[in-house]
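One-letter residues, chain by chain:
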Amino acid sequence: MCGIVGGIAERNISDILIEGLKRLEYRGYDSAGLALINNKNILRERRVGKVINLEEAAKEQHLNGHIGIAHTRWATHGKPTETNAHPHISGKVAVVHNGIIENYVEIKSELEQLGYIFVSQTDSEVVAHLIAEAMKTHPTLFNAVQSIVPRLKGAFALGIVHADHPEDLIAVREGSPLVIGVGIGEHFISSDQLALLPITNRFIYLEEGDIAHLTRTSVEIFKNHGKERIERPTKELDATVSHASKGEYKHFMLKEIYEQPEAIQQTIAQALNDNALRDDFLSDAVTSFQNIDQIQIIACGTSYHAGMIAKYWAEQLIDLPCQVEIASEFRYRSPVIIDRTLYVCISQSGETADTLAALRDTQKRAKDKGLNISTMAICNVPTSSMVRETDHHLLTLAGPEIGVASTKAFTTQLSALMLLLLKIGQVKKRLAESQLTEIVASLWHCPKVILDTLQHNAEILRLSELFVEKQHCLFLGRGTNYPIALEGALKLKEISYIHAEGYAAGELKHGPLALVDNEMPVVILAPKDDMLDKLKSNMEEVQARGGELFVFADEHSGIANKERQHVVDIPTVNPWLAPIIYSIPVQLLSYHVAVLRGTDVDQPRNLAKSVTVE
Ligand code: F6R
C-alpha cells in the first residue's frame with residue numbers, strides 16, 4: 001500500500017528519501033515520486049514502476065534539497081501513471097497522501113469553480129489545491145493545513161511542504177499511520193518506521209487527528225485537528241537495520257519461512273517456564289479473563305485463518321464459545337455486541353483498516369450500551385494502532401515480515417493464540433494441569449519439529465514442478481487443518497497466480513468434487529489425528545475421479561507413495577499443534593511454484609503488505 005517518507009535536515013536528503021522508499025517497497029506499489037525544495041523552487045520527479053526508476057531520474061537531474069517528501073503509490077483512484085503519482089503540486093505547495101479522501105468529488109468541483117485545474121485522476125490532488133487556496137488567507141503553512149483538514153473525509157496521512165517555507169514540514173495523521181523519526185538536528189516522517197531505521201531509532205507516534213509541525217530542530221504536535229498542543233513521547237526502538245535484509249536468501253519469503261523456528265521460540269519464551277505458564281504472562285488481563293463468557297475474533301486474510309484455528313482450540317480445549325469473523329463483514333453488518341466477551345483482533349501489521357475499524361466500532365457500541373467487554377490485540381508491531389487501542393495485547397515476536405505473503409507472522413499468531421487460550425483456561429479453571437503441561441512441552445518442541453519439516457524442502461521443490469503448468473488446485477483438510485487448507489490455497493494463489501481453493505475435506509462431495517479430473521492437483525493435509533480415516537476416504541473419492549494427490553502426512557499415517565499419489569512425510573506432532581507444522585509444507589510449495597513460474601514472490605501483483613485502506 002502507499003508509503004510516505006519525508007524529512008528536514010541540514011544535509012541533502014534526496015538519498016535518504018529514496019532509501020526510505022526502497023525500504024517501503026515490500027508494501028506493494030506501482031509508482032514512486034519525490035519533491036525537494038531548493039532555492040524556493042519545488043524540484044519533483046515521478047516514475048511509474050519501481051523506485052529504482054525514480055532513483056535514476058533523481059540522479060540524472062541532480063536532485064538536491066534539505067527538505068522534501070517522497071511517496072510510493074498503490075493506485076486506488078486513477079491508473080498507475082506518472083501524472084497520478086505523488087507528490088501532487090499546486091503552485092508552491094507539494095503534498096503526499098496515503099489513504100482515501102472520500103469527499104474529493106465535491107471538493108474538486110468547488111476548487112474547479114475557483115479556477116484550479118486538475119491534472120490527475122486522484123483523490124489526493126484536492127489536498128494540494130485546498131492548501132494552496134488556504135495559503136491566501138492564512139499566515140503560515142501550518143495554519144493553512146489546520147484550516148483544511150476538517151474539510152477532508154476518509155482516512156489519510158499527509159506530508160506537506162511549501163517552496164516559500166523551506167523550514168517547515170507539516171504532517172497529518174487521520175486514520176492512516178504516520179510516525180516522526182527524531183534525528184540529531186533533523187526530523188523525518190514516514191508511514192512506517194522501517195523506512196527510517198537507517199537514520200534513527202527514536203520515534204514519535206502520531207495519534208489520530210494529530211497535526212505536526214517539524215523544523216530541523218523542533219517538533220510541535222497538536223491534537224484534535226491541530227487545535228490543542230500535546231506532547232507525545234519519544235520511543236526508542238531496538239530493531240536493527242539488518243532485519244530488513246534478505247541475507248543469503250533469494251527472497252524475503254523464503255528467509256521468513258526459515259525464520260519460523262526462532263520466531264516461535266521467541267514468541268513462546270515470553271509466556272512459558274520450563275513446563276508451565278509464567279506467572280507474569282498476561283497478568284494484566286486476568287480480571288478481564290475472569291469476566292468473559294466467550295471470545296469473538298476479528299481479522300482479515302491469513303490472520304483470519306489463524307482465528308479460525310483458535311475457534312477449534314477454544315471450544316475443544318477450554319470449552320469456551322468462540323466466534324471468528326472477517327473484519328470487513330463484521331464492521332458493516334451491525335453485529336450485536338455481547339456483554340462479557342473478549343474481542344480479539346489478530347493482525348500482523350496492527351494497521352489493517354478493516355480490522356481497526358471493526359475494533360473501534362465494537363468499542364464504541366459497547367460503551368454506548370454500557371457493556372462489559374475487553375479487547376485484545378494479537379499483533380506483530382508493538383507500536384501499532386491496534387496494540388495502542390486495545391485493553392490488552394499479546395505480541396507475536398516474529399520480527400519484521402517483509403514478504404507480502406504472510407508466513408512467520410501466521411505461525412507465531414497460532415503460537416500466541418494457543419498461549420492465550422492456555423492462560424484463559426488456567427484462569428477460568430477449564431484446563432487440566434496435565435493437559436497444560438503436555439501442550440507446553442509440545443510448544444517448546446515446536447521449533448525443532450519445524451526445523452525437521454524444513455528438511456523436506458528439496459522434496460517439496462521437486463513436487464512443485466508438477467504444479468507449474470496447472471490452472472487450478474484444491475487444498476483439503478479436516479478440523480484444525482481445514483483452515484490450513486484455506487491458507488495453503490491463499491498462499492498459492494497470491495504468489496503464483498494459480499487459482500486455488502481450500503475446502504473442508506468433508507465438503508468435497510457437496511460440490512467441489514465436480515471439478516476433479518486428471519488435470520486437478522489436490523493437496524491433502526493429513527496429520528495423524530481422529531479424522532485421519534475420514535480424510536483417507538476423501539482421498540479415495542479424489543483418486544476415483546482421476547485427481548492427482550499431493551499428501552503432506554504424518555510419517556505414521558500409513559499413506560504411501562503410489563501412482564498419482566505423492567506423499568511427503570511430516571514429523572509426528574501433537575495434534576493440537578499440527579496446524580502450525582502443516583503450514584510449513586504449504587508455504588514451501590507455494591513459494592517454489594511461484595519461483596518456477598517467475599512471479600514477483602515478495603511483491604505479488606496488485607497486493608500490498610499493510611492494507612491501510614478499505
Ligand atoms: C496473505 C496476507 C494477508 C494478510 C491480511 C491481514 O498472505 O498476508 O491476507 O494476512 O491482509 O493483514 P494483517 O495481519 O496485517 O492485519
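Residues numbered from 1 in each chain as written. Predicted model: local features only at pLDDT ≥ 70, side-chain atom pairs only at ≥ 80, totals over all residues. Heavy atoms only, no water.

### Here we look at the overall build of the chain
No. 1: In terms of regular secondary structure, the chain is built from 19 helices and 25 strands.
No. 2: Here the C-alpha atoms of the chain give a radius of gyration of 26 Å, agreeing with the 25 Å that 2.2 N^0.38 yields for 614 residues.
No. 3: C-alpha extents for the chain along the principal axes are approximately 75 × 55 × 40 Å.
No. 4: For the chain, with 614 residues in total, the buried portion stands at 60%.
No. 5: Counting contacts in the chain only where the partners sit at least 6 residues apart, residues at least 24 apart contribute 72% of the total.
No. 6: As displayed, the chain offers around 23,300 Å² of accessible surface, 48% of which is attributable to carbon and sulfur atoms.
No. 7: Charged side chains of the chain number 60 positive and 77 negative; the gap between the two group centres comes to 3 Å. (Helix = DSSP H or I, 4+ residues; strand = E, 2+ residues; numbered from the N terminus. Rg over C-alpha atoms; globule rule 2.2 N^0.38 Å. Buried < 20%, exposed > 50% of the residue type's maximum accessible area, 1.4 Å probe, protein only. Contact = heavy atoms within 4.5 Å. Areas by Shrake-Rupley, 256 points an atom, 1.4 Å probe, with all protein chains shown as cover. Lys, Arg positive; Asp, Glu negative; His and termini not counted. Charge placed at Lys NZ, Arg CZ, Asp CG, Glu CD.)

### Considerations on the UniProt feature "domain: SIS" (unreviewed entry) in the chain
No. 1: Within this structure's numbering, the places UniProt gives as "domain: SIS" (unreviewed entry) are residues 285-430 and 463-604.
No. 2: Secondary structure within residues 463-604 divides into 36% helix and 22% strand; the distance between the first and last C-alpha atoms comes to 22 Å. (UniProt positions renumbered as here; feature names shortened; annotations may be inferred.)

### Quick word on the packing of helix α14 (residues 408-427) against helix α15 (residues 433-454)
No. 1: Axis separation between α14 and α15 bottoms out at 11 Å; the angle between their running directions is 160°. Here α14 is positioned roughly antiparallel relative to α15, judged by the angle of their axes. In this structure, α14 meets α15 at a crossing whose hand is left-handed. Across the interface between the two elements, M418, L419, L422 and Q426 from α14 touch L436, I439, V440 and L443 from α15.
No. 2: Along the lines of polarity and charge, the residues of the contact of α14 with α15 split into seven nonpolar, one polar and no charged. (Axes fitted to C-alpha atoms, helices over the stretch in contact; angles between N-to-C directions. Parallel < 35°, antiparallel > 145°, perpendicular 65-115°, else oblique. Left-handed = near helix turned anticlockwise from the far one by under 90°. Nonpolar A, V, L, I, M, F, W, Y, C, P; charged D, E, K, R; others polar.)

### Quick notes on the domain arrangement of the chain
No. 1: We note that the domain assignment places domain 1 (3-241), domain 2 (247-452) and domain 3 (455-614) within the chain.
No. 2: The C-alpha centroid of domain 3 is placed 24 Å from the C-alpha centroid of domain 2.
No. 3: Taken together, the contact between domain 2 and domain 3 spans 48 residues of the former and 41 residues of the latter.
No. 4: Taken together, the connections running from domain 2 to domain 3 amount to zero salt bridges.
No. 5: Of all the elements in the fold, those that place two or more residues in the side of domain 2 that touches domain 3 are α7 (252-258), α8 (260-269), α10 (301-317), α12 (353-369), α14 and α15.
No. 6: With 10 residues, the single largest contributor to the side of domain 2 that touches domain 3 is α15. (Domains from an automatic or database assignment. Salt bridge = Lys/Arg side-chain N within 4 Å of Asp/Glu carboxyl O.)

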